[in-house]
Amino acid sequence: MTEVRRRSAASAALWERDEEVATLTQAVDTLCADRTSPGSLLEARGEAGLGKTALLAETRRIAEARGCTVWSARGGETLRSVPFNVVRQLLQPALVSMLPEEAREYLGDWYDIAGPALGIADPGDRQADPQSVCEGLVAAVRRLARREWPLVLLIDDAHWADQETLRWLAAFAERLDEISVLVVIARRPGDVSGDSARHLEAAAAVGRLLAPFNELTPEATAGLTRSTLGDHADAAFCREVWAVTGGNPYETVELLAKVQDSELEPVEAEASELRALNRSARGGGLVARLEQLGVESTRFAWAAAILGSGITVDMVARLATLDRDEAARCAELLRGARILSAPDPAAGQPDAGDLEFVHPLIATAVYNSIPDALRTAMHGIAAQLVTDSRLGAAAASRHLLRVHPDDDPEVVGQLRDAAREHLAVGAPDAARLCLERALREPPLPDIHARVLYELGCATLLTAPATTIGHLRTALAMPGLDGDQRVNAVFRLSEALLHNNQLEEAVRTVEAEAARNPDPSARLRMRAVQYMWEGIHPGETSSPGRSAHLAELARTCTGRDDTERALLILRGFDAMTHGENAEEVVELCDRTLVNGRLAPGLGWTDNEWGLELPMMLANCYAYTDRLDRAEALFTEALRAYETAGWSGGHLALAYTYVGLGHRRRGRLREAEATLRESLRVAERVGRGLPMYWSAVCNLIDTLLARGHVEEARSVADRYGFDPPYPTTIVLPEPRSVRGRLLLATGRTKEGINELEAAEKAAAARGRDNPVVAPWAAELARALAAEDPARAARLASDARRQAERFGTDTAIGEALRCAAALETGQRAVRLAGQAVAYLEASPCQYEHAAARVEYGIAARSAAELRRGLALADSCGADGLVARAREALAAGP
């Protein structure tokens, strides 16, 4: 047991906390020793009143004594609906010390992304990506930590932090190895659920839990009692203090303060008074004590509890309908009664207000003591005060959420404005709460459908099943017309797709196309239908889809985005079906404006989404127009990084930049980029389409490099096996997995997988031998056991390649044919393959053809040329094969 020794009353809550203090001291010393040392996170977890806040205060004292910068923040039970509340508190000391232009220069590209969430920049008109905002906040703190080193961050009552802050905390904790900063959080066990609990546990998992917070022992309570009241406190009195408080440090300190106030003698004869004194410190006793201070003081305390943070005497006076002098008098009474206190100046919070509650337990008790009807009415008044103070609709919304519905159109308007502000700073859950509350008001009939539509858009990415209900209801009501109705149908189809209801998504846009009288709206809906069917090849297309699409595209000149969309869809459909590549390129070129993506079809435009530019870029990638493909892939990456879209969009951008490298033959660069894609994709979640794309392309690249064991390891680690996603993945995953199985010696399984790819291609008419190279792989695998079938497959692959017409496709088909032959016929076919692939931009395939030609022709010169190409590509397996052949001689 920790030795009991005398301490000052100021540090009373730290009795028996020597182990925790020592751990914190060591953590601060480690931080100060080396600015390149990794960061760390410590968590103090315990029930209310056990000294967590006192431990954070001690951490501040220790850190500041060693020259550290210390920033702190605290969650609030009534403030959990305020997005970014805690992280804003945390960073305010740094932010208020900067001029706006200094902050913009310091945060760089992250200013426009994280600035609105931090309250230092105006939000734009567009909906911010929550993951991007989170990444921006991580980057902001990383930069500030370098500037302010050594930096200590303290977060009290983290269980009451807003969800957006906890998302940031979890992401920040994951990167502590890269950031020299000490984070200390204090929280109660429980009191949090859902995503907030998940984020909080993720942060805690990275850090270290301080020793369990337990109640004071009787010996420590006796020492604390004598330290506070004097050595004459007798043993019986000290035991009763412990019995009454249960050893809770906060209650013990409060009880001893009341003993001093009441001038009670600390002797056994007076010990019976302790229980009554203790009751006055909490619950009903606290309420009774508050009432003894007078009606005005009670109203003042209630108003302070309603405000929750930034409590000023002026604001409380207005909310409690007190004049300024009376309010000041009440504030003094409540300070004297240890209910309110002045904010700790050491905390450095510039907008902390004039007052704060002495302890969260007191704030909760006061808030809960307000009669229900009065509490609701006071929140309504507070909302109006916040609005009148020009603090914005979002700031008023936390009060409006607690007001009873009353058919008030103005409240509906304020909540819709608040939702837009929340979406603009990357807080869709806060927006959802506002719009759900607006619907309960309810809105007037002429705007009801629009509120439902806004709610559906807010929940699209986080709750697609819920979104479906909102949008269907909105579309069944009057009020959505013209473009807004078409947009709602499009969003509904997106939600159905996210909810794995492709057929329903297609039927939805098909039905709208049939009923909408506007020709342009019908054409757009038809384009959306074909887009979903083209992206999700696992489902059955509508009859004659390709023919209908070709017929529609034939009349399109590319005069507007709908026509451009149809041209892209037609080009992608033709490319995957292996139609003539020159015609595919001609279709794609007609969609560009001065060689660039048209406005409205850009990577970050929301009207159509990323699917169309992705299809366009892939058309160029697989028709040997790699310069155009790489320009589009690079533009996507730049657009998402600039916009701060760091979720699935960014993962896909990295994947397709990696695909560009892979097609070009830059295998080392491809591997590095695809691993970065996987890192980003892991943050979003496994099993999603962009995750499959990253894994499939990485395995394909590793196989090209000859790193078979690493490819197998990646496949095992990331579950690269059936069932496959319904979304199209390029290159075709069965073909890639079949090649992996063959490379690892699982020949029978590899053949089965390639035959499954053959059946899938036949069902959908996917005949492009570059996108789905199953035929060539299967022909090689069957060459020994079934040469006749292998020859047929190779012949079919060559026919399809010649139909498609690119140098890469024809060269690869000839490579396959040469592998099935011997003697001079093999040499001739291998030479033809080299001739085609030399003209192709795909250097790895060219290198492979050179090496194979050198082996077939027994030409050292060709082998050396192939070796040099393979080495420049990073194709280690091909390099080894060429060197082995050279060593063997002619």
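Going along each chain's sequence as written, the residues are numbered from 1 onward. Where local features are concerned, this predicted model is filtered to residues with pLDDT of at least 70; where side-chain atom pairs are given and counted, the filter is 80 or more; whole-chain, interface and lining totals use all residues. Hydrogens and water molecules were not included; the side-chain quantities draw on all heavy atoms of the structure.

Looking now at the sheet that holds strand E1 (residues 40-45). If you trace the 5 strands from one edge of the open sheet to the other, you get E2-E3-E4-E1-E5, paired in parallel fashion. At either margin of the open sheet sits one strand with a lone partner, and together these are strand E2 (69-74) and strand E5 (208-209). One ladder, built from 6 bridges, connects E1 with strand E4 (residues 181-187); its direction is parallel. Residue Leu 41 lies in a different strand from E4, and its bridge partner there is Val 183. In this analysis, two residues are considered to be in contact whenever any of their non-hydrogen atoms come within 4.5 Å of each other. Axis lines are fitted to C-alpha atoms, over the contacting stretch for helices. Their N-to-C directions set the angle, which ranges from 0 to 180 degrees. Secondary structure follows DSSP: runs of H or I at least 4 residues long count as helices, runs of E at least 2 residues long count as strands, and numbering of each begins at the N terminus. Contacts from helix H1 (residues 18-33) reach E1, strand E3 (151-156), E4 and E5, with the element oriented near 155 degrees to E4. When DSSP locates at least two bridges between a pair of strands, those strands are taken to pair.

Another aspect to go through is the confidence of the model for the protein chain. Summary of the metric used: pLDDT quantifies the predictor's per-residue confidence within the range 0 to 100. In this model, the protein chain carries an average pLDDT of 88, and 95% of its residues clear a pLDDT of 70 or more. Per-residue pLDDT stays below 50 along residues 1-10; that stretch engages in 22 contacts with residues further than four places along the chain or on separate chains.

What follows is about the pattern of salt bridges. Salt bridge, as applied in this entry: a Lys or Arg side-chain nitrogen positioned within 4 Å of an Asp or Glu carboxyl oxygen. Scanning all chains against the criterion turns up 72 salt bridges. In this structure, the salt-bridge partner of Arg 663 is Asp 624, at a minimum N-O distance of 3.8 Å. Here Arg 663, found in helix H32 (residues 648-664), pairs with Asp 624, found in the loop between helix H30 (611-622) and helix H31 (626-643); they are 39 residues apart in sequence, far enough to count as distant. Like Asp 624, Arg 663 is buried. Between Glu 758 and Arg 789 there is a salt bridge, with the nearest N and O atoms lying 3.3 Å from each other. Of this pair, Glu 758 sits in helix H37 (residues 747-764) while Arg 789 sits in helix H39 (residues 787-804), placing them 31 residues apart in sequence. The rule is simple: take the accessible area with a 1.4 Å probe, protein chains only, and divide by the maximum for that residue type; under 20% is buried, over 50% is exposed, in between is partly exposed. Look at Glu 758 and you get partly exposed, because its relative accessible area is 25%.

Examined against the element boundaries, Gly 413 turns out to sit in helix H20 (residues 409-424). With a relative accessible area of 25%, Gly 413 lands in the partly exposed category. It is 9.4 Å that separates the C-alpha atoms of Gly 413 and Ala 393, two residues lying 20 residues apart in sequence.

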